[in-house]
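Notes for the structure review
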Amino acid sequence: MSELIEILTKDGSYSLRSLFFQENFHSLLGALEETKLKFTSTSNLQRFKGKSLNVLDICFGLGYNSASLLDELIKQKSYLNLYALEIDKKPLEYSLRNESFLKLWDPKVKTIFESMYRQDYFEDQFFKCSVLWGDAREKIKIIPSSIKFDLIYLDGFSPQKCPQVWTMEFLSKVSENLNSQGYLITYSSSAAVRKTLRNLGLEIFTIKPSIKNRIFWSQGTVAIPKFNNKKLKPNFNFEKLSLMEEEHLLTKASIPYRDQDLNSSKDDIIKRRLDEQFFSNLLSTNKWREKWGMTKLSVKSKI
Ligand SMILES: C[S@@+](CC[C@H](N)C(=O)[O-])C[C@H]1O[C@@H](n2cnc3c(N)ncnc32)[C@H](O)[C@@H]1O
């Protein structure tokens, strides 16, 4: 599974490409930039200044999302209970050897990551961090249902390459552990993922493209079980879906990925969805693309 190639992204930060999944871990525009814009800024971490929070990082990989989170929380003296899910130890091993990755963060991040790598665990007065190695579909079952996460980062390979972590059944399990005011954050703006989250009763928002990345129509999705829309502030980097995005959810692209017993193969999940799309009366996604002048490439992430 872990044939990995080093990639230098445009902002000067390093990432990896998986030959097995045939996909990069991050956008070529910048691994660090992706983490900061899509995950860290969206988290509104200042809410937790001096307080404690529970975070779940699904598909931990090199650990950019957790490292950036830890780096901010160290500065603002928050208390963190972190769970990370990851199938492969190699990306973290790579991070721990990559000086330019380690230099991005407070030195404490290296201590925490080393302990997570060697003992699957780190604990001190501020932080409790556990990594559960294995298939996220299995490991999610170990997390006690009493733990409610304030933030869930979902950073798997794209749904077409790794549908296992985007199915209705997996997202249902994940969202059971989401605090009622908690944010589930993902870079994905896939209609299937958004529709699934909405069908699970979560309110969904689009992550606004930054000024630099205005060619993209969205930088991802935030899903919140109970959100008071009056609390949506203009300085937040997420907002309600546009009409174009809403209409995306009426097309065949919104048909969910399904994995009833949480153990199907990638090919079975993809085939099941293609069959469902074939028999569906929903609007064609190409029609939606034509209406909104969208090329196929602009809908794709992790390029
Ligand atoms: C896009 S990369 C993650 C990027 C990551 N957040 C980072 O900072 O590097 C996807 C990760 O998902 C992991 N993965 C793939 N399938 C998985 C599964 N079923 N359960 C857990 N992790 C999985 C891969 O090993 C890879 O590290």
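Residues numbered from 1 in each chain as written. Predicted model: local features only at pLDDT ≥ 70, side-chain atom pairs only at ≥ 80, totals over all residues. Heavy atoms only, no water.

Looking now at the sheet that holds strand E4 (residues 52–58). Hydrogen bonds between backbone atoms are what pair the strands of a sheet, whose relative direction is either parallel or antiparallel. As summarised here, the arrangement of the nine strands in space is E6-E7-E5-E4-E8-E9-E11-E10-E12, forming an open sheet in which the pairing is mixed. Each edge of the open sheet is held by one strand with a lone partner, namely strand E6 (121–123) and strand E12 (238–239). Where E4 lies against strand E8 (residues 149–154), four bridges are found, and the strand directions are parallel. Its bridge partner being in E8, Leu56 is matched across the sheet by Ile152. Helix H7 (residues 168–176) contacts E4, E8 and strand E9 (178–186) of the sheet and is inclined by roughly 135° relative to E9. (Pairing = 2+ DSSP bridges. Helix = DSSP H or I, 4+ residues; strand = E, 2+ residues; numbered from the N terminus. Contact = heavy atoms within 4.5 Å. Axes fitted to C-alpha atoms, helices over the stretch in contact; angles between N-to-C directions.)

Looking now at the site of the ligand. In the vicinity of the ligand, 21 residues are found, and the nearest of them are Leu62, Tyr64, Glu86, Ala136 and Asp155. Between the ligand and the protein, one listed contact pairs an oxygen atom with a side-chain N or O atom of Glu86 at 2.6 Å. For the ligand, a nitrogen atom lies 3.2 Å from a polar atom in the backbone of Ile87. In isolation the ligand has 610 Å² of accessible area, and contact with the protein removes 98% of it. Looking at the shell around the ligand residue by residue, the classes come out as 10 nonpolar, six polar and five charged. (Near = heavy atom within 4 Å. Polar contact = N/O pair within 3.5 Å; in protein donor to acceptor, adjacent residues only side chain to side chain. Areas by Shrake-Rupley, 256 points an atom, 1.4 Å probe, with all protein chains shown as cover. Nonpolar A, V, L, I, M, F, W, Y, C, P; charged D, E, K, R; others polar.)

One pass over the full model with this rule turns up 20 aromatic pairs. In this structure, Arg47 is placed above the aromatic ring of Tyr183, and the distance from its NZ or CZ to the ring centre is 4.1 Å. Sitting over the ring of Tyr117, Lys89 keeps its end group 4.7 Å from the ring centre. (Phe/Tyr/Trp six-rings, centres within 6.5 Å; stacked < 30°, edge-to-face > 60°. Lys NZ or Arg CZ within 6 Å of the ring centre and 35° of its normal.)

Here the focus is helix H5 (residues 107–119). Relative to the 18 Å expected for 13 residues at 1.5 Å per residue, H5 spans 19 Å between its end C-alpha atoms, a close match to the ideal helical length. Residues of H5 that are buried include every one of Val109, Ile112, Phe113, Ser115, Met116 and Tyr117, and no others. Turning to H5, the residues buried within the fold contact helix H2 (64–75), strand E5 (79–86), helix H3 (90–97), helix H4 (99–102), E6 and strand E7 (127–133). Following H5 by one or two positions, Asp120 has its phi on the positive side, about 65°. (Expected span 1.5 Å × (residues − 1). Buried < 20%, exposed > 50% of the residue type's maximum accessible area, 1.4 Å probe, protein only.)

Of all hydrophobic cores here, the largest spans 78 residues; its most connected members are Phe113 and Phe170. Filtering out sequence-adjacent residues up to four positions away, Phe113 remains in contact with Phe60, Leu62, Gly63, Ser66, Ala67, Leu70, Leu92, Leu96 and Phe101. (Core = buried A, V, L, I, M, F, W, Y, C linked by side-chain atoms within 4.5 Å.)

In an α-helix, one full turn covers 3.6 residues, which means residues spaced three or four apart are oriented alike. Helix length check: H2 (12 residues) gives 17 Å between terminal C-alpha atoms against 16 Å at 1.5 Å per residue, within 8%. For H2, the buried fraction is high: nine of the 12 residues fall into the buried class. Considered for burial, the residues of H2 that qualify are Tyr64, Asn65, Ser66, Ala67, Ser68, Leu69, Leu70, Asp71 and Leu73. Looking at the residues trailing H2, positive phi occurs at Lys77, about 55°.

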